[in-house]
Amino acid sequence: MAYTLDQFLSDCHAAIASDKGPGGREKVRQNLEKLLKNEDFVKTHCDALDYGVHELYRDKELDFIVLSHVYEEGRQSPPHDHGHSWAVYGQARFHTDMTVWERKDDGTQDGFADIKIARRFRLDPAMAGTFEPGVIHQINFPKGARFVRVTGTDLNTIETHRFDADQKKMFTNKGMSAGAAAQGAMRSAS
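Quick look at the structure, then. Given the structure is predicted, the values throughout are model-derived calculations rather than measurements.

Conventions and cut-offs
- Residues numbered from 1 in each chain as written.
- Predicted model: local features only at pLDDT ≥ 70, side-chain atom pairs only at ≥ 80, totals over all residues.
- Heavy atoms only, no water.
- Helix = DSSP H or I, 4+ residues; strand = E, 2+ residues; numbered from the N terminus.
- Salt bridge = Lys/Arg side-chain N within 4 Å of Asp/Glu carboxyl O.
- Buried < 20%, exposed > 50% of the residue type's maximum accessible area, 1.4 Å probe, protein only.
- Phe/Tyr/Trp six-rings, centres within 6.5 Å; stacked < 30°, edge-to-face > 60°.
- Lys NZ or Arg CZ within 6 Å of the ring centre and 35° of its normal.
- Pairing = 2+ DSSP bridges.
- Axes fitted to C-alpha atoms, helices over the stretch in contact; angles between N-to-C directions.

1. A word on unusual backbone geometry
And step 1. Of note, Asp63 is a non-glycine position whose phi angle comes to about 75°, a positive value.
And step 2. For Phe94, which is not glycine, the phi torsion reads 60° and is therefore positive.
And step 3. Mapped onto the elements of the fold, Phe94 is located in the loop between strand 4 (87-93) and strand 5 (96-103).

2. Examining the pattern of salt bridges
And step 1. Scanning the entire structure with this criterion turns up twelve salt bridges.
And step 2. Here Arg93 and Glu39 are joined by a salt bridge, their closest N and O atoms 2.5 Å apart. On the criterion of sequence distance, the pair formed by Arg93 in strand 4 and Glu39 in helix 3 (residues 39-47) is long-range, its members being 54 residues apart.
And step 3. Given the relative accessible area of 35%, Glu39 is considered partly exposed.
And step 4. Here the salt bridges do not stand alone but share partners, grouping Glu26, Arg29 and Glu33 into one network.

3. Quick word on the packing of aromatic side chains
And step 1. Following the criterion strictly, the structure yields seven aromatic pairs and no others.
And step 2. Plain terms: the ring middles of Tyr71 and Phe141 are 4.6 Å apart, the flat faces sit at 35° to each other, and that makes the pair tilted. Placement of Tyr71 in the loop between strand 2 (65-70) and strand 3 (75-76) and of Phe141 in strand 8 (residues 136-141) is noted, with a sequence separation of 70 residues between them.
And step 3. With relative accessibility at 3%, the residue Phe141 sits in the buried group.
And step 4. Between Phe141 and Phe147 the ring centres are 5.7 Å apart and the planes differ by 65°, which places this aromatic pair in the edge-to-face class.
And step 5. Aromatic ring contacts, followed pair by pair, group Tyr71, Tyr89, Phe121, Phe131, Phe141 and Phe147 into a single cluster.
And step 6. Looking at Lys34, its charged tip hangs above the ring of Tyr3, at a distance of 4.3 Å from the centre.
And step 7. Between Arg162 and the ring centre of Phe171, over which it is positioned, the NZ or CZ distance is 4.5 Å.

4. Some thoughts on the sheet that holds strand 4
Backbone-to-backbone hydrogen bonds join strands into a sheet, with any given pair of strands oriented parallel or antiparallel.
And step 1. Ordered by their spatial adjacency, five strands build an open sheet running 1-2-9-4-7, and the pairing between neighbours is antiparallel. The open sheet has two free edges, formed respectively by strand 1 (52-58) and strand 7 (128-131), since each of these has just one partner strand. Taken over all neighbouring pairs, the strand axes of this sheet differ in orientation by 20° on average, direction set aside.
And step 2. Pairing of strand 1 with strand 2, which is carried by six bridges, proceeds in the antiparallel orientation.

Shown next, in the form of structure tokens:
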């Protein structure tokens, strides 16, 4: 029998309740990979939805959120973080190329960030990757891509950052997630 969204949500709640650290998030990542192997889930919660970002679930006790991202056009985000939150990205359709960045500076100069690429990897369908709090990353996906993202909180309510590697600048987003800011930047770039 296929692993369902309800099972996934229950397992995520149990994993995060028992371990609010990397161990719990690793279980979320593993469970998201199981969920994305359920073709009925992908068809219903990714393929059949209108373009945009759709909230599938918000845990009232633990504050994690499950979102379905459905895109018509391909996009590349600027490097960004999710502030004090974490995120698990799981690929449903096509692929997403992930770039992880690291800071070369000590972070003490306001608005300045000297970042360099630390690693790159690709998420193919039914693969998931975790980004711990504060990890700078960038996503790049083709036309028609679909992915599911689980975040530790509502990123639109916390301070996050986006980065310009060429200009060595960091921008603070207060009350709007780097993901939302990145989507705005992606829209303006396309």
